[in-house]
Amino acid sequence: MDFILMSEGDTPVGLTHEHRYRELVEEVLLAERVGFDAFGSSEQHVALGTASVSAPEVLYPYLMALTSRMRFIHLVTLLPTRMNHALRVAERVATEDILSNGRVELGTGRGNTTLALRAFEVDPSENKAQWREGIELIRSAFLNDVFSYVGEHYKVPPRSLVPKPLQGPYPPISAAAGSPSSVETAASMGIGAIMGGLYLGFDLVENMVKLYDDTLAATNHPYPITPRKMVAVAGGMHCAETTAQARLEAKPLFEMAKLSTDAYERLSKLSKDYAYMGAVKDIDFTDEEYMFERSQGFMVGDPEHCIEHVQRYADMGVEALVLRVDSLPHDQLMRSIELFGKYVIPRFKHPRNVVRSADDILAEIRAARPAHEEALRQFNDTHNLAQKETVR
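Rules used in this analysis
- Residues numbered from 1 in each chain as written.
- Predicted model: local features only at pLDDT ≥ 70, side-chain atom pairs only at ≥ 80, totals over all residues.
- Heavy atoms only, no water.
- 1 Å grid on protein atoms, 1.4 Å probe; cavity = no way out; pocket = protein on both sides within 12 Å on 5 of 7 lines; lining within 4 Å.
- Points joined across faces, edges and corners; volume = space filled by probe spheres on them.
- Helix = DSSP H or I, 4+ residues; strand = E, 2+ residues; numbered from the N terminus.
- Nonpolar A, V, L, I, M, F, W, Y, C, P; charged D, E, K, R; others polar.
- Buried < 20%, exposed > 50% of the residue type's maximum accessible area, 1.4 Å probe, protein only.
- Arc of directions from axis to C-beta.
- Pairing = 2+ DSSP bridges.
- Axes fitted to C-alpha atoms, helices over the stretch in contact; angles between N-to-C directions.
- Contact = heavy atoms within 4.5 Å.
- Polar contact = N/O pair within 3.5 Å; in protein donor to acceptor, adjacent residues only side chain to side chain.
- Salt bridge = Lys/Arg side-chain N within 4 Å of Asp/Glu carboxyl O.

Side note on the layout of surface pockets
Then step 1. Volume-wise, the second largest pocket comes out at about 480 Å³.
Then step 2. Looking at the lining of the second largest pocket, the elements with two or more residues in it are α1 (17-34) and α9 (253-260).
Then step 3. Along the lines of polarity and charge, the residues of the lining of the second largest pocket split into 11 nonpolar, 10 polar and five charged.

Thoughts on helix α8 (residues 243-250)
Then step 1. Every buried residue of α8 is accounted for by Ala 246, Arg 247, Glu 249 and Ala 250. Taken down its axis, α8 places every buried residue within 165° of arc, on the same side. The exposed residues of α8 that point more than 90 degrees off its buried face are Ala 244 and Leu 248.

Notes on the sheet that holds strand β9 (residues 226-233)
Then step 1. With parallel pairing, eight strands are arranged side by side around a closed barrel as β1-β2-β3-β4-β7-β8-β9-β12. The mean inter-strand angle of the sheet, taken between neighbouring strand axes irrespective of direction, is 25°.
Then step 2. Where strand β2 (residues 38-41) meets strand β3 (residues 71-78), four bridges bridge the pair, whose relative direction is parallel. By the bridge assignment, Ser 41 is partnered in β3 with His 74.
Then step 3. Helix α2 (residues 56-66) contacts β2, β3 and β4 (104-109) of the sheet and is inclined by roughly 175° relative to β3.
Then step 4. Along the sheet, helix α7 (residues 202-217) makes contact with β7 (173-177), β8 (191-195) and β9, crossing β9 at roughly 175°.

Details of the side chain of Glu 293
Then step 1. Tracing the chain through its elements places Glu 293 in helix α11 (residues 288-294).
Then step 2. Looking at Glu 293, its side chain comes within polar contact range of the side chain of Arg 247, at 3.1 Å.
Then step 3. Here the side chain of Glu 293 touches His 305 through a polar contact of 2.9 Å, side chain to side chain.
Then step 4. Setting aside residues no more than four positions away along its own chain, Glu 293 makes contact with Phe 202, Arg 247, Val 300, His 305, His 309 and Arg 312.

Some details on the pattern of salt bridges
Then step 1. Scanning the entire structure with this criterion turns up 28 salt bridges.
Then step 2. Measuring nitrogen to oxygen at the nearest pair gives 3.3 Å for the salt bridge that ties Arg 20 to Glu 23. Of this pair, Arg 20 and Glu 23 are both found in helix α1, three residues apart, which corresponds to roughly one turn of the helix. As far as burial versus exposure is concerned, Arg 20 and Glu 23 are alike and both buried.
Then step 3. We note a salt bridge from Arg 20 to Asp 326, for which the minimum N-O separation is 3.0 Å. On the criterion of sequence distance, the pair formed by Arg 20 in helix α1 and Asp 326 in the loop between β12 (320-324) and α13 (330-349) is long-range, its members being 306 residues apart. An identical accessibility class is assigned to Arg 20 and Asp 326; each is buried.

Remarks on empty space enclosed by the protein
Then step 1. Within this structure, the stated rule accounts for one cavity of 30 Å³ or more.
Then step 2. A volume near 70 Å³ is recorded for the largest cavity.
Then step 3. Around the largest cavity, the lining residues are Ser 41, Glu 43, Pro 56, Glu 57, His 74, Leu 75, Val 76, Thr 77, Val 89, Arg 92, Val 93 and Glu 96.
Then step 4. Here the lining of the largest cavity is composed, by residue class, of five nonpolar, three polar and four charged.

What about the environment of Lys 349?
Then step 1. Relative to the helices and strands, Lys 349 resides in helix α13.
Then step 2. Taking the C-alpha atoms as reference, Lys 349 lies 9.1 Å from Gly 35; in sequence the two are 314 residues apart.
Then step 3. Within the local environment of Lys 349, its side chain forms a polar contact with the side chain of Asp 2, the two groups lying 3.0 Å apart.
Then step 4. Separated by 3.1 Å, the side chains of Lys 349 and Asp 37 make a polar contact.

Structural notes on the pairing of strand β6 (residues 155-159)
Along any regular strand the residues' side chains alternate between the sheet's two faces.
Then step 1. Pairing between strand β5 (residues 147-150) and β6: three bridges, direction antiparallel. Across the sheet, Phe 147 pairs through a bridge with Arg 159, a residue of β6.
Then step 2. A loop of four residues connects β5 with β6, the two strands running antiparallel in sequence.

Any functional reading would require information that these geometric values do not contain.
Written out as structure tokens, the structure is:
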């Protein structure tokens, strides 16, 4: 399983964006040192609280120059035509791929806030079609030299993409998938799906993962595929020395979760493509036990408790976890990243290297003794019989 650190540069009242960005850089560098596989940020425009990263394509190259191993995934690049022309996205991602030596991935979406959609004059009834055409255009530009495209929203004559990405056949592509319909779409297109984010529980996500597998297997794919089952823990991951401490420190994240989903019910009424988002109206963001343990929006606890949560995703067949680590004081975020990297990630990446207690090892030694003694007895019997035959 891959572990992806996600931050949106949430900046508390009284702090400057400059200071928060400096903190964010420190968090990303620590995450690389302790074993996270990738970093990602969403693309949020004119946001009120919860996010300040509006230009990940500018932030990432700076971080790429400071890192050597960690990958960078856009979570997500918005593909309504008024926000990002798909051909410009292809150019930017190809440039990032070169500068990072093949460490960039493209997550995509269509936008989930009325603040941003209205600011860019995006029609919510059209942006899903624009997103899909954008994906097709980007893949064609990456794959074909020369490429062209004709659709409802894009009409690009024969051209050659400059520059071209380093990774072949192209950098991995995925899509935000908050509904079963979106999961089916991503799987049918042969791209990864970033599932979750609605705080509706583990059963929904587990069903989405199965739906992704079934749809991917049942579909013929004209393009090279980049499949991956990814799940977002959108409310937040917070690891502390004790679960009680982690819960106490993480409670402010409930307000962030409520604020970040505030537009969902309104969006659900603006277009049938967003209808599934209306379900958030039934979420009680003050129910601590539900939010922390059953909503699927959080992973909060000591390292052992976090391990239990990760194992639940591993049992579903999830291939990557997107863990939002943000919206808390910088020192708490740094400690959370360190604990998770030191004690949780190795359990799934390098389990044989995790030091076990002497008592556990001794118990296994004692349990293994009867089988060893029986094998020794059989060996001696066979050896003695062979010696007797030799004497005869």
